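Secondary and tertiary structure notes
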Amino acid sequence: MSDAETRDETDIVTKLSSRSVTDTVSLLTEMVGAKGMKVFTVIDQSAEARQVGLQLRETILVIFGSPTAGTPVMAASPLAALDLPLKVLVWADGTQTKVS
């Protein structure tokens, strides 16, 4: 990718959570289910790093969406599949938990 094609971090919204990373992920997945969406997977990226002998701050990616809503979008525009399903990153930044 050229510099013009890279995603600028200013495009990403990040909020603070008053909960731990684990508790924030639990709340998020409960909220997703309560809204009728499906949690496709939860990836604990820090655990994956540990498995190969590396260290990474607490970093968990939640991938979720609604096949009912997303399928027509992808049928109309196949490249939408690059952005769907939706993704939320919950991560530790020092003593703070951030949600991006």
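Keep in mind the model is a prediction, meaning the values are calculated, not measured.

How each quantity is defined
- Residues numbered from 1 in each chain as written.
- Predicted model: local features only at pLDDT ≥ 70, side-chain atom pairs only at ≥ 80, totals over all residues.
- Heavy atoms only, no water.
- 1 Å grid on protein atoms, 1.4 Å probe; cavity = no way out; pocket = protein on both sides within 12 Å on 5 of 7 lines; lining within 4 Å.
- Points joined across faces, edges and corners; volume = space filled by probe spheres on them.
- Helix = DSSP H or I, 4+ residues; strand = E, 2+ residues; numbered from the N terminus.
- Nonpolar A, V, L, I, M, F, W, Y, C, P; charged D, E, K, R; others polar.
- Core = buried A, V, L, I, M, F, W, Y, C linked by side-chain atoms within 4.5 Å.
- Buried < 20%, exposed > 50% of the residue type's maximum accessible area, 1.4 Å probe, protein only.
- Contact = heavy atoms within 4.5 Å.
- Pairing = 2+ DSSP bridges.
- Axes fitted to C-alpha atoms, helices over the stretch in contact; angles between N-to-C directions.

What about the layout of surface pockets?
- Size it by volume and the second largest pocket reaches roughly 180 Å³.
- In this structure, the second largest pocket is lined by K15, L16, S17, R19, T24, L27, L28, M31, V88 and V99.
- When residues of the lining of the second largest pocket are assigned to their parent elements, the largest contribution, four residues, is made by helix α1 (residues 21-34).
- Grouping the amino acids of the lining of the second largest pocket by side-chain chemistry returns six nonpolar, two polar and two charged.

Considerations on the nonpolar core
- One finds V21, V25, L28, V32, I60, V62, F64, V88, V90 and A92 forming the largest nonpolar core, which totals ten residues.
- Taken together, the elements giving at least two residues each to this core come down to α1, β3 (59-65) and β4 (86-93).
- If we skip the residues at most four places from it in the chain, F64 touches V32, M37, K38, V39, F40, P85, L86 and V88.

Describing the environment of V39
- By secondary structure assignment, the location of V39 is in strand β2 (residues 38-44).
- In this structure V39 comes out as partly exposed when scored by relative accessible area, which is 29%.
- Along the sequence, V39 and L28 sit eleven residues apart, while their C-alpha atoms lie 9.7 Å from each other.
- Filtering out sequence-adjacent residues up to four positions away, V39 remains in contact with T29, V32, V62, I63 and F64.

Observations concerning the pairing of β4
- Across six bridges, β3 lies against β4 in antiparallel orientation. In the sheet register, T59 faces β4, and the bridge partner there is W91.
- Strand direction decides the pairing type here: β4 and strand β5 (residues 96-99), joined by four bridges, are antiparallel. From the neighbouring strand, W91 faces β5, where its bridge partner is K98.
- The turn linking β4 back onto β5 is made up of two residues, and G94 within it adopts a positive phi angle of 70°.

Let's talk about the sheet that holds strand β1 (residues 15-17)
- One open sheet accounts for five strands, arranged β1-β5-β4-β3-β2; its pairing is antiparallel. A single partner strand is all that each edge strand has here, and the edge strands are β1 and β2. Geometrically, the sheet is characterised by an average inter-axis angle of 25° between neighbouring strands, direction not taken into account.
- On top of the sheet, α1 reaches β1, β2, β3, β4 and β5; it is set at about 160° to β4, its chief contact.

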